[in-house]
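# Descriptive analysis of the structure
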Amino acid sequence: MHPHVDAWHNDCCAAGMKETMIPTFFRAVCLGVVTGMRSALGPAFASYFLHSQPSSKLKQSPLGFMQPPATMHYLQTMAAGELVMDKSPGIGNRIAAAGIAGRALSGALVGASLYQARGGKAWKGAAVSAAAAVAAAYVFFYLRKEAGKKLAIRDAAVGGVEDALAVGIAAAAVKRG
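About the criteria used
- Residues numbered from 1 in each chain as written.
- Predicted model: local features only at pLDDT ≥ 70, side-chain atom pairs only at ≥ 80, totals over all residues.
- Heavy atoms only, no water.
- Axes fitted to C-alpha atoms, helices over the stretch in contact; angles between N-to-C directions.
- Helix = DSSP H or I, 4+ residues; strand = E, 2+ residues; numbered from the N terminus.
- Parallel < 35°, antiparallel > 145°, perpendicular 65-115°, else oblique.
- Left-handed = near helix turned anticlockwise from the far one by under 90°.
- Contact = heavy atoms within 4.5 Å.
- Nonpolar A, V, L, I, M, F, W, Y, C, P; charged D, E, K, R; others polar.
- pLDDT = per-residue confidence, 0-100.
- Buried < 20%, exposed > 50% of the residue type's maximum accessible area, 1.4 Å probe, protein only.
- 1 Å grid on protein atoms, 1.4 Å probe; cavity = no way out; pocket = protein on both sides within 12 Å on 5 of 7 lines; lining within 4 Å.
- Points joined across faces, edges and corners; volume = space filled by probe spheres on them.
- Core = buried A, V, L, I, M, F, W, Y, C linked by side-chain atoms within 4.5 Å.
- Patch = residues over 30% accessible without salt bridge, like charges linked within 9 Å, V, L, I, M, F, W, Y side chains within 5 Å.
- Areas by Shrake-Rupley, 256 points an atom, 1.4 Å probe, with all protein chains shown as cover.
- Salt bridge = Lys/Arg side-chain N within 4 Å of Asp/Glu carboxyl O.
- Phe/Tyr/Trp six-rings, centres within 6.5 Å; stacked < 30°, edge-to-face > 60°.

What follows covers the packing of helix H3 (residues 41-52) against helix H5 (residues 69-85). In helix packing, the relevant descriptors are the interaxial angle and the interaxial distance, both defined with respect to the helix axes. Closest axis-to-axis distance for the H3/H5 pair is 8 Å, and the angle between their directions is 155°. The angle between H3 and H5 places the two elements in the roughly antiparallel class. Seen from above, H3 lies across H5 with left-handed handedness. Here Leu41, Pro43, Ala44, Ser47, Tyr48 and His51 of H3 lie close against H5, whose contacting residues are Pro69, Thr71, Met72, Leu75, Gln76, Ala79 and Glu82. Classifying every residue of the contact of H3 with H5 by side-chain character gives 8 nonpolar, 4 polar and 1 charged.

In structure tokens:
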């Protein structure tokens, strides 16, 4: 490893971060960001990851419902529906109170499940992913709005690019290795 990476790794471990929690932290942040972009996409990818890498720690917890295939398929269906509905006129604003609350709760579910599955504290994962979801909701709301104005592109087209970015981030976050 590079000396700076070694030092960072040692600092994290000295601060009480388990070595296995470091990739979990990044996964939680990435899926939190995705949840801020599309509220159902983060939980769908988290459930896919948890189903493909089952955890007895998660199975025995209240968050165990995120691991079975039925949950994974349900969340995937919801995410697909959201990708279509996002382009429809009259859909609520993601940074309105209900939109932000939903994204924060979805993000919290994602992070808590990921952390619990790896033996971490669920509340820490919930906080990490919820914060990432809320921040991303604002960032991507304004980016989408400005991109549409500056580039004179229809909102649905900008939304499609945002969808592709969200799926790409989520796929990278759940990649094994």
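The next subject is the environment of Ala101. As for its placement among the helices and strands, Ala101 is situated in helix H6 (residues 97-117). The sequence separation of Ala101 and Val134 amounts to 33 residues, and the corresponding C-alpha distance is 8.4 Å.

What follows is about the packing of H3 against helix H8 (residues 155-174). It is the contact of H3 with H8, at a shortest axis distance of 10 Å, that shows an interaxial angle of 25°. The angle between H3 and H8 falls in the class roughly parallel. Considering only the axes of H3 and H8, their crossing is right-handed. Mapping the contact onto sequence places Leu41, Phe45, Tyr48 and Phe49 in H3 and Ala166, Val167, Ala170, Ala171 and Val174 in H8.

The next subject is the confidence of the model for the protein. Detailed reading of the predicted coordinates is not advisable wherever pLDDT falls low. Mean pLDDT over the protein stands at 88; residues scoring 70 or higher make up 88%. Segment residues 1-17: pLDDT under 50, and 9 contacts once partners within four positions in sequence are set aside and those in other chains are kept.

In this section: the side chain of Thr71. Relative to the assigned elements, Thr71 resides in helix H5. Using a relative accessible area of 17% as the deciding quantity, one classes Thr71 as buried.

Take the layout of surface pockets next. Empty space within the largest pocket amounts to approximately 470 Å³. In this structure, the largest pocket is lined by 19 residues; those nearest its centre are Asp86, Ile91, Gly92, Asn93 and Arg94. Contributions of two or more residues to the lining of the largest pocket are made by H5, H6 and helix H7 (122-151). In terms of residue class, the lining of the largest pocket is built from 5 nonpolar, 6 polar and 8 charged.

Our next topic: the nonpolar core. Within the largest apolar cluster, 31 residues are counted, with the highest numbers of intra-cluster contacts made by Leu31, Leu41, Phe45, Leu50 and Leu114. Of all the secondary-structure elements, those providing two or more residues to this core are helix H2 (21-37), H3, H5, H6, H7 and H8. Other than its neighbours up to four places away in sequence, Leu50 contacts Leu58, Met66, Gln67, Ser113, Leu114 and Ala117.

Judged by side-chain polarity, Val84, Met85 and Ile91 come together as a nonpolar surface patch covering roughly 280 Å² of accessible area. Among the secondary structure elements, Val84 is positioned in helix H5.

As a further point, take the packing of aromatic side chains. The geometry of an aromatic ring pair comes down to the distance between the two centres and the angle between the two planes. What the rule picks out here adds up to 2 aromatic pairs. Relative to Phe26, the ring of Phe25 lies with its centre 5.4 Å away and its plane at 75°, an arrangement referred to as edge-to-face. Judged by its relative accessible area of 42%, Phe26 falls in the partly exposed class. Ring geometry for Phe141 and Tyr142: centres 4.9 Å apart, planes at 85°, overall edge-to-face. With a relative accessible area of 15%, Phe141 lands in the buried category. Judged by its relative accessible area of 44%, Tyr142 falls in the partly exposed class.

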